[in-house]
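# Structural characterization, general
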Amino acid sequence: MTDVPETIRVSRLPSGLTVVTERMDRVETVSFGAYVAAGTRNETAAENGVSHFLEHMAFKGTERRTAAGIAEEIEAVGGHINAYTAREQTAYYVKVLKEDTDLGADIIGDILTHSTFERDELERERGVILQEIGQANDTPDDIIFDHFQETAYPGQPMGRPVLGTEDLIRAMPREALTGYMRRHYTTANTVVAAAGNLDHDHVVDLVQRHFADLPGAAVPQAEAGLYAGGEFREARDLDQVHIVLGFPSVAYADPEYYPTMLLSTLLGGGMSSRLFQEVREKRGLVYSVYSFTAPAMDGGLFGIYAGTGESEAAELMPVTLAELRRVQHDVTEVELARARAQVKAGLLMSLESTGSRCEQIARQIQVFGRVIPTAETVAKLNAVTIGGVQRAAAKLFRSAPTLAALGPAGRVPSLPSIAERLAA
């Protein structure tokens, strides 16, 4: 195991809160964030969408600041503030000049511990979220992934949409937000991270001051994700059919994580990838095609997205499936080296961004309980062999698939037909 650089420090506070920082002396900024290990998979069916609703409401006023005041105060120093909700995490973060670190910590701590959820602001934001849901529903290459996720994990938190549904958001009371926040926004469930031109001890002092009112209650256990797979089709009057084909994949800590990552990259991770070259460049069947991995704490998904015309859909799937079969026994050293270089370059380039590093070290603490040194990650990437990639492919593509298709999908083969071709 590689040693963590001296520039990275971790402190576990008596309150139960974890603080992790990375000092980057050659930059003039600091990214500071609070990362809560709670997202869509922590919601009940009746409160689906509450994590995302709560993220929106955090910027709508505290006991000391109005909604406008939060935006004005951070932008008065040229800083940026934002948040996002995912299936296993909700994040709140700022990026400021190094001399404004105190202000950034103050604001993030304030919105996590003293948000007021005023009813007028809540109703306005409810309308904003309903607009967001409507926009997602009108964006087929966006909403197809919700259908894919729901089909892979039917009737489970892991399968529900991050935004929630229109009916649930319209009916969601203020008490649902405050209760969820009280249960999940706790010291044991939150990592505060910072990266940039900073002093670790000073950041710890700021966290102790501004997060003192974060509760320390035990966190409810998230429901395990049980992959089922299946088929979803919805006919829409669109110019293209949007398709996601996927399979059960590996968790973050799985030994197959790195072979699977490199498999995704060489299969559909760039312009030189197999799917891009075979499907788009040689045959002109699509404008967009790519593969992706979506790891989680206890499993994950591997998927391939393509958008194609109605007449091209019949040819697209056999070509794609042929590549999924071929990669199980035919991988070259050249393309593996190219995929490895792409992943390593992305990793090393991210080290130059305070925002990327802030998010990475927080997530690593939550997933692994420690910061993973870059050298350790590079060593694991370098250790991946052709055999490892082929074994990962065989395990993935011989498992039960999930198919989601939206648009003029009449020529997209059925799921049993796809499974039969993959087993051949």
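In short, a report on the structure.

Rules and cut-offs
- Residues numbered from 1 in each chain as written.
- Predicted model: local features only at pLDDT ≥ 70, side-chain atom pairs only at ≥ 80, totals over all residues.
- Heavy atoms only, no water.
- Axes fitted to C-alpha atoms, helices over the stretch in contact; angles between N-to-C directions.
- Helix = DSSP H or I, 4+ residues; strand = E, 2+ residues; numbered from the N terminus.
- Parallel < 35°, antiparallel > 145°, perpendicular 65-115°, else oblique.
- Left-handed = near helix turned anticlockwise from the far one by under 90°.
- Contact = heavy atoms within 4.5 Å.
- Nonpolar A, V, L, I, M, F, W, Y, C, P; charged D, E, K, R; others polar.
- 1 Å grid on protein atoms, 1.4 Å probe; cavity = no way out; pocket = protein on both sides within 12 Å on 5 of 7 lines; lining within 4 Å.
- Points joined across faces, edges and corners; volume = space filled by probe spheres on them.
- Pairing = 2+ DSSP bridges.
- Salt bridge = Lys/Arg side-chain N within 4 Å of Asp/Glu carboxyl O.
- Buried < 20%, exposed > 50% of the residue type's maximum accessible area, 1.4 Å probe, protein only.
- Polar contact = N/O pair within 3.5 Å; in protein donor to acceptor, adjacent residues only side chain to side chain.
- Core = buried A, V, L, I, M, F, W, Y, C linked by side-chain atoms within 4.5 Å.

### Digging into the packing of helix H1 (residues 50-57) against helix H4 (residues 119-137)
Following both chains from N to C, one finds H1 and H4 inclined at 125 degrees, their axes separated by 10 Å at the closest point. When the axes of H1 and H4 are compared, the pair comes out oblique. Here H1 runs over H4; the crossing is right-handed. Residues His 52, Phe 53, His 56 and Met 57 of H1 touch H4, and the partners they reach there are Glu 121, Leu 122, Glu 125, Arg 126, Val 128, Ile 129 and Glu 132. The class makeup of the residues in the contact of H1 with H4 is 5 nonpolar, 2 polar and 4 charged.

### Re the layout of surface pockets
Computed from the structure, the largest pocket encloses a volume of approximately 1200 Å³. Lining the largest pocket are 40 residues, and of these Tyr 252, Tyr 257, Met 261, Pro 295 and Arg 363 sit closest to its centre. Of all the secondary-structure elements, those providing two or more residues to the lining of the largest pocket are strand E4 (80-85), helix H9 (257-268), strand E9 (286-295), strand E10 (300-309), helix H12 (333-350), helix H13 (354-368) and helix H14 (374-382). If one sorts the elements of the lining of the largest pocket by residue count, H13 sits on top with 7 residues. Volume-wise, the second largest pocket comes out at about 310 Å³.

### Focus: empty space enclosed by the protein
If you walk through the whole model with that rule in mind, you get 3 cavities of 30 Å³ or more. Every residue along the wall of the largest cavity is listed here: Ile 243, Leu 245, Ile 304, Tyr 305, Ala 306, Leu 316, Met 317 and Thr 320. Elements with a minimum of two residues in the lining of the largest cavity: strand E8 (240-249), E10 and helix H11 (313-326). When the residues that make up the lining of the largest cavity are grouped by side-chain class, the tally is 7 nonpolar, 1 polar and no charged. A volume near 40 Å³ is recorded for the second largest cavity. If you list the elements that add at least two residues to the lining of the second largest cavity, you get H9 and E9. The element that contributes the greatest number of residues to the lining of the second largest cavity is E9, accounting for 3 residues. Classifying every residue of the lining of the second largest cavity by side-chain character gives 4 nonpolar, 3 polar and no charged.

### Considering the sheet that holds strand E3 (residues 29-36)
Remark on secondary structure: sheet strands pair via backbone hydrogen bonds, oriented parallel or antiparallel. Read from one edge to the other, the open sheet built from 6 strands follows the order E1-E2-E6-E3-E5-E4, with strand pairing classed as mixed. The open sheet has two free edges, formed respectively by strand E1 (8-12) and E4, since each of these has just one partner strand. Going from strand to strand, the sheet's axes swing by 15 degrees on average, the running direction of each strand aside. Pairing of E3 with strand E6 (residues 190-196) involves 7 bridges; the strand directions are antiparallel. Bridging across to E6, Phe 32 finds its partner in Ala 194. With respect to the sheet, helix H8 (residues 200-210) is in contact with E1, strand E2 (18-23), E3 and E6, its orientation differing from that of E2 by roughly 145 degrees.

### Remarks on the pattern of salt bridges
Per the counting criterion, the structure on display carries 30 salt bridges. Among the ionic pairs, Arg 65 bridges to Asp 106, the shortest N-O distance being 3.1 Å. Placement of Arg 65 in the loop between H1 and helix H2 (67-75) and of Asp 106 in helix H3 (residues 101-113) is noted, with a sequence separation of 41 residues between them. Residue class for Arg 65 comes out buried when judged on its relative accessible area of 7%. Among the salt bridges present, the one from Lys 380 reaches Glu 376, with a minimum N-O distance of 3.5 Å. Pair noted here: Lys 380 and Glu 376 are both in helix H14, with a separation of 4 residues, about one helical turn. Accessibility expressed as a relative area gives 7% for Glu 376, which makes it buried. Sharing partners across several salt bridges, the network here consists of Arg 64, Arg 65, Glu 73, Asp 106 and Asp 110.

### Examining the side chain of Glu 125
Residue placement: Glu 125 occurs in helix H4. A polar side-chain atom of Glu 125 sits 2.7 Å from a polar atom in the side chain of His 56. In this view, Glu 125 contacts Phe 53, His 56, Met 57 and Lys 60; residues no more than four positions away in its chain are not counted.

### Digging into the nonpolar core
It is characteristic of soluble globular proteins that their nonpolar side chains tend to be buried jointly. Ranked by size, the top nonpolar core spans 63 residues in total, and within it Phe 32, Tyr 92, Leu 177, Val 207 and Phe 211 carry the most contacts. Ranked by residue count, the leading element in this core is H3, at 6 residues.

### Describing unusual backbone geometry
In terms of backbone geometry, most residues other than glycine have negative phi values and most peptide bonds are trans. For Phe 117, which is not glycine, the phi dihedral falls at a positive 55 degrees. The residue Phe 117 is located in the loop between H3 and H4 in this model. With relative accessibility at 5%, the residue Phe 117 sits in the buried group.

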